[in-house]
Structure formats: structure tokens, C-alpha cells
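Here are the chains, one letter per residue:
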There are 2 protein chains.
Amino acid sequence: MSVPSEFARRRSATIHDVAAASGLSRGTVSRVINGERYVSAEARDSVMSAIAEVGYVPNTAARNLKTKRSHAIGLIVHEPHSLFLEDPNIGAILLGTNSVLSAADYQLVSLIVDSERDSDRVAEYLRGGFVDGVIIISARENDPIGRAVVAMGIPAAFVGHPPDIDGIAYVGIDNVQAAEAITTRLLHTGRRRVGMIASALDRDSGRDRVAGFRAALGDAFDPALVVDYPLYSYDSGVEGMRRLLDRAPDIDGVFAASDAIAAGAMDVLRAAGRSIPKDVGIVGFDDSAWALRCQPPLSTVRQPAGDLGRMAAQRVLDQLDGRESATGGTFLETVIAWRESA
Amino acid sequence: MSVPSEFARRRSATIHDVAAASGLSRGTVSRVINGERYVSAEARDSVMSAIAEVGYVPNTAARNLKTKRSHAIGLIVHEPHSLFLEDPNIGAILLGTNSVLSAADYQLVSLIVDSERDSDRVAEYLRGGFVDGVIIISARENDPIGRAVVAMGIPAAFVGHPPDIDGIAYVGIDNVQAAEAITTRLLHTGRRRVGMIASALDRDSGRDRVAGFRAALGDAFDPALVVDYPLYSYDSGVEGMRRLLDRAPDIDGVFAASDAIAAGAMDVLRAAGRSIPKDVGIVGFDDSAWALRCQPPLSTVRQPAGDLGRMAAQRVLDQLDGRESATGGTFLETVIAWRESA
DNA sequence: TTGTATGCGTTATCAT
DNA sequence: ATGATAACGCATACAA
């Protein structure tokens, strides 16, 4: 150990000091601070000026201890290193969540899980009463934190995809419907041999996109034209497009399970001398920063990431007020951003 | 008001319960929990099993109230909406900070400032004793939060660029040196007419990059070949390159103050029929996701964003232990990622 | 080595 | 409408 910082030593004004300065009791001061009824106008005034005079700020630790509420809500981001830096939706979800919580006077606290150790510490943090509720994005199946949250019964909402647990609230998009819609539009441009580069088949989102693709194709569906990779990455797109080209040189349409994948696929197509969209039409998923950077700009499914965040926050707030039970999914509409790649 | 959630009502086991279950006193239990000396092995054992038995978890609010420490450190992200989503460094800083704090068993708590209201609430949050220290990225000059932090004397470190306040710790890169280095390398490729698209001249980082550019050019510096725009964006690159081409059709080298700017400039150059790097060499700054997406890949300055985050965390930790005074800057080395655009 | 007692700053329940 | 007082769960100085 060493010298504690000067900050830690400092004592700031308490209700006690305010009471002394105003000549009223601590009870009355507390009532004024919490805006309760049954306080005279004059009492309120003198308390207010006493507060200003002594520079009082409420001590949250004490208040939390007493009320068992922290007025803070945690947002747990559980992404592997690389994806975290690349995923365009995380930032938007964050901002959306923050806007709703901010309006309700809750403090958003984001917690990053980047290691086993983090996982444990975050679980501890949650149990410590630092937060009244929690939003979890991109939970894995079999996630220890997810299970801890359920076990504790803390108000929560998952965003991204439904977890493998019952009795939990979640918000997401309808991946089946969205995939089917954009594939259908791709078909309407006259494509005959359409393939898919799928990804993350260990998650509902990944599986559902394949299901939608298949539904759109109907009888024309050919399993040989679907390849899949674990990660929604540019590299997966490169690999996948090569395989697809190998299997079906006459391919004229591609549905990529993410924009990053589409970007990789497009570079391979270009290198193979195919022109887009003349020879091959391609569509993606996410409407991320990749989409506009592609040449030509990519047609893609827009995820309402901000709304996802807002909705998740709202659902936690509702549970907090006992207005809602912690169960069931909410699905938000996606829209297709139709550009020049198909 | 409405029905409070069931969670809020729940009471979990306390030290009291553990004491009862183990037949020891609350004091001894507390000592075991905090790993203090002077506890017998048998006492420790029975406390441990009692903890497991009753499912005890420490109440952080109570502990904070008593110790005046929260073992949490805040990371304040103060970026305008759009930049927040685009800036590639923020995620890396976040991860770097988290790794150091995690190892020291501190919980990182990220706070987003996205509105005036947020600003106030975050200040309140800091005063509430939720965090023992704070890291602030991309603070503005005249930032109310920055001033609040200084006024409270809470251990802090700024990352990104030095604030306009004295007696504060900050970490950053040497923008002058980095800009000079990459411009020099650009000149060594034989360029004669080299321009710059500058940005954010209201911040040190922006001004320093111009200074470095100028230093590298020496007598060859021509003010007419420097254009500037408020935002480090793709659009600034498009605009800037058009102006530069207008003023100096014979331009053969460009230093863009960010990768996004470089990307915009490259698209304009291509549209104007200039080949890169044959006709014009171009370099950027940041080594962001843009750099690899450019055609050809962009030569650029790599910011050690992860290290910046780690260093900032370390400096806060040092202040917390009284090991360091809260003042002075730390500058980290940049490296140049030399690719094909120049 | 262990137990006892006190206080951290609030809110909330009583009287008044 | 206001004032006294008892918790909240913990750490710690002191006594044993």
C-alpha cells in the first residue's frame, strides 16, 4: 500500500451540515432533497440556500444502501476483441440506449467483457447492487453472465438475438423475414443462379438468415450454393466467394450474411473479372460503414440499431416499474437500403 | 409510481448471516472476506463454508459508504454522435484501458456524454462517489466535465490531447513528430509538389499535424497547398482534394490529416484520372479500417490506441496509490504503416 | 486471534 | 409540517 490520494480523504458536506446551516432537522432536509410533499415553502427555501452555501452533494453510496436502488443501468458488451472494434451496430445501440435512459434520469454504465476474469468481475459487479437493471448485447449461448442475470432475477433485456433461456426479455429483428425480403428483391433483378455466404450458424441470427434465403428461393434452392464461415468478416467473404465461384462459375447473384462478407466477396469477384452488378448482383446485411465504401455501393438490410437500443432500455425500465414481466421478444422492422450492387 | 420489481425487494445474505451460520463474530467474518492477517485457519475455513452455504455476496454500497472507495474507474467518452460511431480509436482505447484496470481488479465503467443533460448527470455521477478515478477521452477545450474533475480533485487522466487546464495528467502522441516523419517519407519517394488536407485546427492534434508537415517541407512549404476543414471526414477529403487539384494541377503528393480524408481524396484523384501512386502519392493518419479498404492500401501513421488506453489507466492507478502527481503529459511512439499509396 | 461497538450518510417510521 | 431515531451492511478501533 501507499499514500492514498488526497481525493479519497476528502469529506464533502452532508445532510447534517445542511441541517445545521439551515436550522432545520435532517429529516426535513431529506424531504426537500427528494421533493416530497409536506414541506413548507419557507423550509424549502432555507434548505435550498443552505445546500448552496455548504456545497452539498448527495452521497450515492449511502443513498443506495438505504434505498437499494442505484439509478444506474448496465450495458454488457460481450464481443470478442476484433468484432468489438468492427461491429458498426454496437455504437448505435449504445447511443440509443443512452438516450432513453438519460431521459428517464438513469445513468448508463457500459461494462466490457473481454476475458474470463472480466466475466467474473462483471457478475460480481452486478451482484454488488451497482445497477438496477441490465442490457446485454450479443450474448453467447451458455453465457455465464446471462445465467447469472437470470438467477439473480435482475431486470434485464437482451438485444441481438434470443438467448437459450426462458423467461427473459429480448429485442431483435426478424432475420428470416429480412433475409427473405432482400433475396426476393435480388431475384427480381433477373438472377438465375443465386448463392449465399452464410455465417455464425451457431447463433439464431445466422441460422435465420439462411432460412430466409431458402424460403425466398423455394424450389430453386440449391444447398451446394450455400457456404458458411464462423465469423461475419471480410476474410469470410473472400474465402466464401472463391468457393462459390469454384462450384458454380455461372453464379449471377450472391446474398452475403453481412456487409463485411459482401465487401470481401466483391473484391474477389472484381479480381475474377466479373462486373458488379452487370455480371453478378450482390446484397449484404447490416448497412454498416462497409456498405457505402464498396464499389459500387452495396444494397443491404438496414438494422435499426439505435431503435434496438432504445427498445431494450425501455423494456428494462418497464420491468423496473413492475409494468412488464421479464419475458418474450420484441421484433423491430428492418428496411432495405437499395443501392447499386444489385 | 407503480409496483417495484421483485428484484428490488429481495434481500440477500449479509455478513450477519454468515456470522450466525459459522458461529463466529461479524468482525472475524469481515476479516476473512478482506483477507486480513490474524485469522486462524479454522476460522477462515468455517467462514468460507458458511459463505457458500448462505450464498453471501458483499454489498458494495455498504462497503463504499464505509471505505469511501468504489473500486471502479470511469471512462468518459465525449464525442459528437457521428464521430463516435466512426472513430476507430475509441474501441481500441476502451479495450486497452479495460485490460489494465481488469488486471488491477478495478471495474471500468464507461460513461457516454451525448447531450447537455448527460453532461450534468455524469458530473453528478462522479460526485456521487461511484468511481475512484476517471479517464477522459477527446475532451473539448472549455469542457465543463473536465473542469468539474479538476475542481473535485478526483484522480484523472486525459487521453487524446492536452486540455487547456494546468495540473492535469494526459497521454497522447507527438503529432508534430509523426506528421513530419510521414511527410518526410513521402518526399523521399521523389514528390515535388506536396499538399495537405488539414482538419480540426481548433485542436492541438490538428494544429500539430500541420506544424509537422511544414517542418518536413522546410523552404519548399507553400501555404497555398494547405486546405483545411473542421471534420476529419471522408467528405472533407473529397472537398479538399478538389480544391487542391484546382489550385495546383501539377500536385504529386498529398498528406491527409486522417485516413477518412485520404479515402475521400483518393476517390477524387481517381475520378480525375490520376493514378495512385504513379501520378500522385498519398498518405494518411490513424491506420483505421479505412486504410486497408483503400485502393491501393494507404500508407499511414499508426496511433497506438490500445497503448494510449493502457497508459491512461496506469496513470490513474498511480495517482490512486499516491505514487504520482496528477500532472504532465506522456507521449507514445507512433509507427508508420507503409503500404502502396505512396 | 477474536469479539464488541461505533459510525459512514441516507431514508423512513414514528411521534409531535 | 417537522423533529427524533432507527435501520441499511459493512469495516475497524479497541477491548478482551
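The name recorded for chain A in an unreviewed UniProt entry is LacI family transcriptional regulator, from Orlajensenia flava.

Asker: For this particular structure, what's the right way to read the protein's contact with DNA strand C?
Answerer: By nearness alone, 28 residues border DNA strand C, and I15 of chain A together with T28, R31, S40 and K66 of chain B come closest of all. In DNA strand C, the atoms that sit within 4 Å of the protein are 62% sugar and phosphate, with bases accounting for the remainder. Residue T28 of chain B places a side-chain N or O atom 2.7 Å away from a phosphate oxygen belonging to DNA strand C. Among the secondary structure elements, those contributing two or more residues to the surface near DNA strand C are α3 (26-33) and α5 (60-67) of chain A together with α3 (26-33) and α5 (60-67) of chain B. Considering only residue class, the surface near DNA strand C consists of 10 nonpolar, 10 polar and eight charged.

Asker: I would appreciate a short explanation of the environment of E324 of chain B in the present structure.
Answerer: Residue and element names in this part refer to chain B. For E324, the location among the structural elements is in the loop between α15 (305-320) and β11 (328-332). Given the relative accessible area of 23%, E324 is considered partly exposed. Spatially, the C-alpha atoms of E324 and S138 are 23 Å apart, while their sequence positions differ by 186 residues. Once residues within four sequence positions are removed from consideration, E324 is found in contact with A169, R315, D318 and Q319.

Asker: I would appreciate a short explanation of the confidence of the model for chain A in the present structure.
Answerer: Low pLDDT marks regions whose predicted coordinates should not be analysed in detail. Within chain A, residue pLDDT values average 87, and 92% of them lie at 70 or more. Confidence, read as mean pLDDT per element, is least for helix α1 (residues 6-9) of chain A in chain A (52) and greatest for strand β8 (residues 253-256) of chain A (98).

Asker: Would you take a moment to explain the interface of chain B and chain A for this structure?
Answerer: Much of the literature gives interface size as the accessible area that the parts lose upon coming together. On the chain A side, the residues contacting the 64 residues of chain B number 66 residues. Carbon and sulfur atoms supply 55% of the area buried between chain B and chain A, which totals about 5300 Å² over both sides. Where chain B touches chain A, the interface holds zero salt bridges. At the junction of chain B and chain A, the tally comes to five residue pairs in polar contact (both at pLDDT 80 or more). Among the residues forming the side of chain B that touches chain A, the class breakdown is 31 nonpolar, 19 polar and 14 charged.

Asker: How should the sheet that holds strand β9 (residues 281-286) of chain A be read in this particular structure?
Answerer: Residue and element names in this part refer to chain A. If you trace the six strands from one edge of the open sheet to the other, you get β7-β6-β8-β9-β10-β12, paired in mixed fashion. Every interior strand has two partners, whereas the edge strands, β7 (226-229) and β12 (335-337), have only one. Pairwise comparison of adjacent strand axes, ignoring direction, gives a mean angle of 20° for this sheet. Against the sheet, helix α10 (residues 175-187) contacts β6 (194-199), β8, β9, β10 (299-302) and β12, and its axis sits at roughly 160° relative to β9. Its contacts with the sheet place helix α13 (residues 259-271) against β6, β8, β9 and β10, and it is angled at close to 155° to β9.

Asker: I'm lost on empty space enclosed by the protein in this one. Help?
Answerer: It is a probe the size of a water molecule, rolled over the atoms, that shows where empty space is left. Throughout the structure, instances matching the rule amount to four cavities of 30 Å³ or more. As a volume, the second largest cavity reaches approximately 80 Å³. Looking at the second largest cavity, the residues that line it are T60, A61, N64, G128, G129 and F130 of chain A together with T60, A61, N64, G128, G129 and F130 of chain B. Elements with a minimum of two residues in the lining of the second largest cavity: α5 of chain A together with α5 of chain B. By residue class, the composition of the lining of the second largest cavity is four nonpolar, eight polar and no charged.

Asker: Explanation requested: the protein's contact with DNA strand D in the structure shown.
Answerer: Within the structure, DNA strand D sits among 28 residues, and Y38, S40 and K66 of chain A together with I15 and Y56 of chain B are positioned closest to it. Here the atoms of DNA strand D within 4 Å of the protein split so that 63% fall in sugar or phosphate, with bases taking the remainder. A distance of 2.7 Å separates a phosphate oxygen of DNA strand D from a polar atom in the side chain of T28 of chain A. Between DNA strand D and the protein, one listed contact pairs a phosphate oxygen with a side-chain N or O atom of N34 of chain B at 3.4 Å. Where the surface near DNA strand D is concerned, the elements lending two or more residues are α3 and α5 of chain A together with α3 and α5 of chain B. When its residues are assigned to classes, the surface near DNA strand D shows nine nonpolar, nine polar and 10 charged.

Asker: I tried to follow the pattern of salt bridges on my own but got confused; where do I start?
Answerer: Side chains carrying opposite charge are able to pair once their charged atoms draw close together. Counted under the stated rule, the structure contains 16 salt bridges over all chains. In this structure, D279 of chain A and K278 of chain A form a salt bridge, with 3.5 Å as the shortest nitrogen-oxygen distance.

Asker: For this particular structure, what's the right way to read the packing of aromatic side chains?
Answerer: For any two aromatic rings, the description comes down to two numbers: the centre-to-centre distance and the angle of the planes. Within the structure shown, the criterion is met by 10 aromatic pairs over all chains. Consider the rings of Y170 of chain B and F331 of chain B, whose centres lie 6.2 Å apart with planes at 75°: the pair is edge-to-face. Residue Y170 of chain B is located in strand β5 (residues 169-173), and its partner F331 of chain B is located in strand β11; the two are separated by 161 residues in the primary sequence. Among the aromatic residues, ring-to-ring pairing joins F213, F221, F255 and F285 of chain A into one connected group. The ring of F285 of chain B is capped by R209 of chain B, whose NZ or CZ atom sits 3.7 Å from the centre of that ring.

Asker: Is there a simple way to think about the relation of the copies chain B and chain A in this case?
Answerer: Each copy of the chain is related to the other by a rotation around an axis and a translation along that axis. Aligned on chain A, chain B shows an RMSD of 0.2 Å; the corresponding rotation is 180° and the shift along the axis is 0.2 Å. Both copies are brought into coincidence by an operation consistent with a two-fold rotation axis.

Rules of the game
- Residues numbered from 1 in each chain as written.
- Chains lettered and ligands numbered in written order.
- Predicted model: local features only at pLDDT ≥ 70, side-chain atom pairs only at ≥ 80, totals over all residues.
- Heavy atoms only, no water.
- Near = heavy atom within 4 Å.
- Polar contact = N/O pair within 3.5 Å; in protein donor to acceptor, adjacent residues only side chain to side chain.
- Helix = DSSP H or I, 4+ residues; strand = E, 2+ residues; numbered from the N terminus.
- Nonpolar A, V, L, I, M, F, W, Y, C, P; charged D, E, K, R; others polar.
- Buried < 20%, exposed > 50% of the residue type's maximum accessible area, 1.4 Å probe, protein only.
- Contact = heavy atoms within 4.5 Å.
- pLDDT = per-residue confidence, 0-100.
- Buried area = accessible area lost by both parts, 1.4 Å probe.
- Salt bridge = Lys/Arg side-chain N within 4 Å of Asp/Glu carboxyl O.
- Pairing = 2+ DSSP bridges.
- Axes fitted to C-alpha atoms, helices over the stretch in contact; angles between N-to-C directions.
- 1 Å grid on protein atoms, 1.4 Å probe; cavity = no way out; pocket = protein on both sides within 12 Å on 5 of 7 lines; lining within 4 Å.
- Points joined across faces, edges and corners; volume = space filled by probe spheres on them.
- Phe/Tyr/Trp six-rings, centres within 6.5 Å; stacked < 30°, edge-to-face > 60°.
- Lys NZ or Arg CZ within 6 Å of the ring centre and 35° of its normal.
- Least-squares fit on C-alpha atoms with pLDDT ≥ 70 in both.

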